[in-house]
Structure formats: structure tokens, C-alpha cells
Amino acid sequence: MNIKKLLPLLGIILLVLILVFFVDFNKIFAIFLKINPLYTFVCFFALVPLVILANIEWQILLRKQKIHVSFWYSIKNFFIGYFYGFITPGAVGAYTRSLYLQEKSKAPLPKCISNIIIFNTIDYLALLLLGAIGAVFLSSYFPYLFYTIIIVIIFVISLFLFFFKKERSKILFTKIIKFRIFEMLKYRLEDSIDSFYEDLPRFRDVILPFGISFFGWVLKYVELFFISALFSFNVPFWNFIMIIAVSDVIASIPISIYGLGTREASLLPLFSMFVPTNEQIIGLSLFWFVIIWLTPSIIGVFVTIHETKNIKSFKLDKQSAEHFQKYMKKYPKLYEQLADTVKNNISRKNKTPYIVDLGVGPGLLSLELFKRFPNATIIGVDPSIDMLILAKENIKNEKFETRLGGIKKIPITNSISNLVVCRFSLTYWEKPRKEFAEINRILKPKGKVVMEFLNRDFPKWKLFLMKIHMHLKFAGFDVVKYHVDAYKTAYSLDSVKILFKDAGFKILNIEGNRKDWKFVIVAGKL
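Residues numbered from 1 in each chain as written. Predicted model: local features only at pLDDT ≥ 70, side-chain atom pairs only at ≥ 80, totals over all residues. Heavy atoms only, no water.

In this section: the overall build of the protein chain. When its secondary structure is counted, the protein chain shows 22 helices and seven strands. Per-residue burial over the protein chain gives 52% buried out of 526 residues. Partitioning the contacts of the protein chain with sequence separation of at least 6, the portion at a separation of at least 24 is 72%. Split by element, the accessible area of the protein chain, about 25600 Å² in all, is 64% carbon and sulfur. (Helix = DSSP H or I, 4+ residues; strand = E, 2+ residues; numbered from the N terminus. Buried < 20%, exposed > 50% of the residue type's maximum accessible area, 1.4 Å probe, protein only. Contact = heavy atoms within 4.5 Å. Areas by Shrake-Rupley, 256 points an atom, 1.4 Å probe, with all protein chains shown as cover.)

Before going further, it helps to spend a moment on the pattern of salt bridges. As enumerated under the stated definition, the model contains twelve salt bridges in all. The salt bridge partner of Glu452 is Arg423, with a shortest N-O separation of 3.0 Å. Taken together, the residues span a long stretch of sequence, with Glu452 in strand E5 (residues 443-454) and Arg423 in strand E4 (residues 417-423) at a distance of 29 residues. For the pair formed by Glu452 and Arg423, the shared burial category is buried. The closest approach of N and O atoms between Asp502 and Arg433, which form a salt bridge, is 3.2 Å. You can see Asp502 sitting in helix H22 (residues 493-502) and its partner Arg433 sitting in helix H19 (residues 432-442), a full 69 residues away along the chain. Each of Asp340, Glu368, Lys371 and Arg372 takes part in a single network of salt bridges with overlapping partners. (Salt bridge = Lys/Arg side-chain N within 4 Å of Asp/Glu carboxyl O.)

For the rest of this paragraph, the subject is the packing of helix H11 (residues 207-228) against helix H12 (residues 237-251). Angle between the axes and distance between the axes are the two parameters that describe a pair of packed helices. In the contact formed by H11 and H12, the axes pass within 10 Å of each other and the chain directions differ by 120 degrees. One finds that H11 runs oblique with respect to H12. Relative to H12, H11 is oriented so that their crossing is right-handed. Where H11 approaches H12, its residues Trp217, Tyr221, Val222, Leu224, Phe225 and Ser228 are matched on the opposing element by Phe237, Phe240, Ile241, Ile244, Ala245 and Asp248. Counted by class, the contact of H11 with H12 contains ten nonpolar, one polar and one charged residues. (Axes fitted to C-alpha atoms, helices over the stretch in contact; angles between N-to-C directions. Parallel < 35°, antiparallel > 145°, perpendicular 65-115°, else oblique. Left-handed = near helix turned anticlockwise from the far one by under 90°. Nonpolar A, V, L, I, M, F, W, Y, C, P; charged D, E, K, R; others polar.)

So, on to helix H18 (residues 385-394). When we look at burial in H18, the residues that qualify are Met387, Leu388, Leu390, Ala391 and Asn394. Angularly, the buried residues of H18 cover 160 degrees about the axis, an arc narrow enough to put them on a single face. (Arc of directions from axis to C-beta.)

Burial analysis of strand E1 (residues 354-358) places five of its five residues in the buried class, which makes it a mostly covered element. Both faces of E1 are covered, namely the face carrying Tyr354, Val356 and Leu358 and the face carrying Ile355 and Asp357. Of the strand pairs in this sheet, E1 and strand E2 (residues 377-382) are connected by five bridges, and their pairing is parallel. Among the inter-strand pairings, Ile355 is bridged to a residue of E2, identified as Ile378. (Pairing = 2+ DSSP bridges.)

Relative to the helices and strands, Ser247 is located in helix H12. In this structure Ser247 comes out as buried when scored by relative accessible area, which is 1%. Residues within four places of Ser247 in sequence aside, it is in contact with Arg263, Ser266, Leu267 and Leu270.

With that settled, consider the confidence of the model for the protein chain. Of all residues in the protein chain, 78% attain a pLDDT of 70 or more, and the chain-wide mean is 80. Per-element mean pLDDT across the protein chain ranges from 50 in helix H1 (residues 3-6) up to 93 in E1. Low pLDDT (under 50) marks residues 187-191, which in the prediction has twelve contacts with non-local residues, meaning those over four places away or in another chain. (pLDDT = per-residue confidence, 0-100.)

Tracing the sequence through the fold places Asn239 in helix H12. What makes Asn239 buried here is its relative accessible area of 11%. Discounting residues that sit within four places of it in the chain, Asn239 has contacts with Phe137, Leu138, Tyr141 and Phe274.

Let us look at the packing of aromatic side chains. Evaluated as defined, the whole model comprises 27 aromatic pairs. Look at Phe79 and Tyr82: their rings are 6.1 Å apart centre to centre, the planes differ by 40 degrees, and that puts the pair in the tilted class. With Phe79 and Tyr82 both in helix H6 (residues 71-86) and three residues apart, this pair spans about one turn of that helix. Residue Tyr82 is classed as buried on the basis of its relative accessible area of 15%. With centroids separated by 5.3 Å and ring planes inclined at 75 degrees, the aromatic side chains of Trp429 and Phe436 adopt a geometry described as edge-to-face. (Phe/Tyr/Trp six-rings, centres within 6.5 Å; stacked < 30°, edge-to-face > 60°.)

What follows deals with helix H8 (residues 109-137). Between its first and last C-alpha, H8 extends 42 Å over 29 residues, near the 42 Å set by a 1.5 Å rise per residue. H8 sits mainly inside the fold: 22 of its 29 residues count as buried. (Expected span 1.5 Å × (residues − 1).)

Looking now at the pairing of E2. For E2, the tally of buried residues reaches five of six residues, placing the bulk of the element in the interior. Handedness of the β-α-β unit built from E2, H18 and strand E3 (residues 400-404) comes out right-handed. (Right-handed = clockwise from strand over helix to strand, strands pointing away.)

Attention now moves to a nonpolar patch on the surface. A contiguous nonpolar patch, built from Leu38, Tyr39, Phe41, Val42, Phe45, Val48, Ile52, Ile56 and Phe71 and spanning about 860 Å² of accessible area, is present on the exposed surface. Elements that contribute at least two residues to the nonpolar patch include exactly helix H4 (37-43) and helix H5 (47-64). Of note, Ile56 is situated in helix H5. The exposure class assigned to Ile56 is partly exposed, which follows from its relative accessible area of 35%. (Patch = residues over 30% accessible without salt bridge, like charges linked within 9 Å, V, L, I, M, F, W, Y side chains within 5 Å.)

Structure follows, in C-alpha cells:
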């Protein structure tokens, strides 16, 4: 087993072990049943002052770096970060919100990333300071806490000071953006690293944000202290505050989802001398997790959907074409399956078929077709010169030709092709009936067309999950946008059947069903 893949799940594994071996589910359930529903409802408003306070801190830093967005938008951006942080171990996905910040503010992307790094670092240093105070306060009970946290503080401060010395840290930053977390941003960062350091705040500029952050942590723990009364806690005020601070420092180890598991593992021994049962401790911790992390993450889902719609449409250029190719190479099965369908619809007697790959892109499908038909002539047609260049680079075969053009007028002679294959292009056609007629024109008598379509009836909630999956696979923001936008003008299976019939084709086979994300239709020219 790959240890690196298991590491981010350690917190969840730890939580499961605690729930199985150290607590009684029935007792936790009984504790929750005793809580007045009205009090539970009121507790969820504890998030409001914390978000507002954090946003005031962030607005100060944004203005220092001359990044201009409204107060309301930066709050929405926070929720986007909550969502992406929730679905990624160690909350590293929260940096995705820098893309939304860049789109809204028009500031350089590296500058937006540096701003969020500064904010997160200040916030973390404030937590560490409070944790160090807590470790001193609790040193008579846990003498090793103080030394552990002091070492962490020295390390973080040293890294912070080193990071903003441009010449020394530029090499480090160049290496950092090669990590998988930044893979989907890398091609937009490498050429503009200098803007990362543009308008960096000075030390005196971060004193006020640091003070606000420190107060925010204290306020959070004070709120939790009052909420703990619902779980029959009887812990002295300062002991409670300091225990939670130390616990949050431990929970900041990036091996879980917002500290889930590591927080509970630290709270059990720290509270053991004050709270009689493990169920009270775990119950409070999970309740607080729902309020502070899960709820804003759920809100973040809806904010992310809304803000993603507002981002400008996909624009195909050289970088986007290369990014598209890199992502699609991760899924060779998609091309292998379609190539097999093509093979099954060309006579075995025809050893030199003439195939048109309409919307050839980087040529990944044509590459698979040559494996099945080594002596075929394949014409790759695409409206993007950048895609055609990539196709030529990928396919080193003298019988492969590329032609610049689109579906409105395919640059191919009448009645010459044995088969036309096309993936997902219909969604971009302006007049489908005329464009189907163009395909009919270039086909020989009894020629066939194999077409793959995005399915308009694909459930929207599954589409959203697909989008999240693409982000987690580091597809790149532009590629995700390209795929998701395509569904807006996709067709249903029934409507495509009608288009084939009107264009003079007989449907021979259908692969897929009405709820799949895609379907394939094989049709013959009448």
C-alpha cells in the first residue's frame, strides 16, 4: 500500500477507532436528545461573527496588496475556500479560491495566491501563539506540550521570514508550484512568479491583522465555552480556552479533514481530568465541527456553483490546448472504447479505410485508430491550429493528415470517407441539421458515422460531482470549465435520434442509456 496515499486519511481512521473503541453511540445520541432544539439552532449563528471578523482581517491584507474586491464578495470567497478545503485532505484545496479571487479582482494569480498564503500564515501564527500560552498554562499537567509547540512556532516563523525574501525564496516557490496541489495552476504561474512578491505587506502592516486574528481565535473558544454547557461541561473558563487552543494546534497537522479525528484524539486526554465521560467530549467536538466546518462547507457548495457560473467562458489557446491534452491522456480507456466501436463498424475486408476524425483535438483518438488500422488514411479536422499542431506531434504517421476547418464546411471532397468519427462536438454546432448534412456529403454510399454525445439528461447533481472529481484530478480550471459548459447546450438521446433521421441516416446501434453522462450512436448513410 502507498503510505503517501494513506497519510491524509489518518485523521479519519483515528476518528473511527475512537468511535468504535472509546465511546458508546447510544450515550452520545442520548446527550444530543437532551439538548433543546432552539439552543441548537442558536448555536449555528456562532459562525456569523467569526466570518465577519476574519473577513475584516482579510480585507485589510487585500488592500495592502492592492487587490480590490467588495466586502460581500470576499465573504463568498471564504465559503468557496471552506468547500474546497473540506473535500481535500489538510484543506489544501482551499487555495482554489485564489482562482476566483483572480477572476473577480483581475489581479495576477500569483499575487492572489501570496495574499491567501499571508492570510493563512498570520491566522496560523495567531493560533500558535494562543496554543503556546495554553501549553504554558497547562504545563503542570502536560509538561511536554510547551516544548512541542515552541518548536513548531520557531519553524513557522523562520519559514515565514524566509518566504518573503525574494531572491532566496524564488527557487523554493518554483519548486512548490510543481507539487500536485498546484498542478492545475502551474501553467498560469511559471511565467509570472515575480508578481507573487508584488506589493507584499511590511511587518508593521500585518500587526493589526494579527491582532484581529488572535482576538478571533479567543472569540471562537469563548463561544464554544458557552456551547459546552449544553454537554454538561464543568471546566474552569481559562482551562477550557487553553485546552481548546492546544487541541487546535494539534488538529492543524494536515492528515485529515479540518482536524477531524486528530482534534478528538487530543481532547480526550486533555479534558479527562475535568469531564467525566468520553461521550461528552466527543459529542461537543463533533457538534462544533458541524457548526464551524461542515455548515460553511455546505454553504460553500452553493456559493461555488453560483460563482463558477459567473466566470468567463472557456477560451481555447495554446496553453489550454496543452492542458486539455495532458488531462485527457489520463483517460486512455475513453479513446480505446470508441476506437473499438469504429473497428466493429468497418468491414474486415477493408484494410485501407478512409476515416475522418472530426474535431480531432490532440489526436488521441486517431492514435488509437492507427493501432487498429495501420494502413488507414485518417484525416484530422479541427478549427484550432493549436490542437492540430499537437495532433501532428502525437501521430508520426505519413497517412495522417490535418486540415484546419469546422463542421459548417468540412474541407474534404464529396463521397470519399468510409467512416466519420466525432466526439462531443454537437454541443457546439449552430445549425445541427445543416451540419449533419455536411457529414452525409463526405461519406461514401453505405458509409457510416460513429458519434459520441454528451447527454443533456445527465443529472445535474452528478454533473457537479464530476466537476469536483475533475478538480481533485487536477484537470485545470479551464478544462473543467470547458467540460461543464458543454453540458449547457448538450442534446438528449431522443433529440439526437431525430437529427439523424432528418439527415438521411439509419441508426444501427446505440451505446449508453438515457441517464449516462454520454452515449454513442452508430448510423449508416441511406
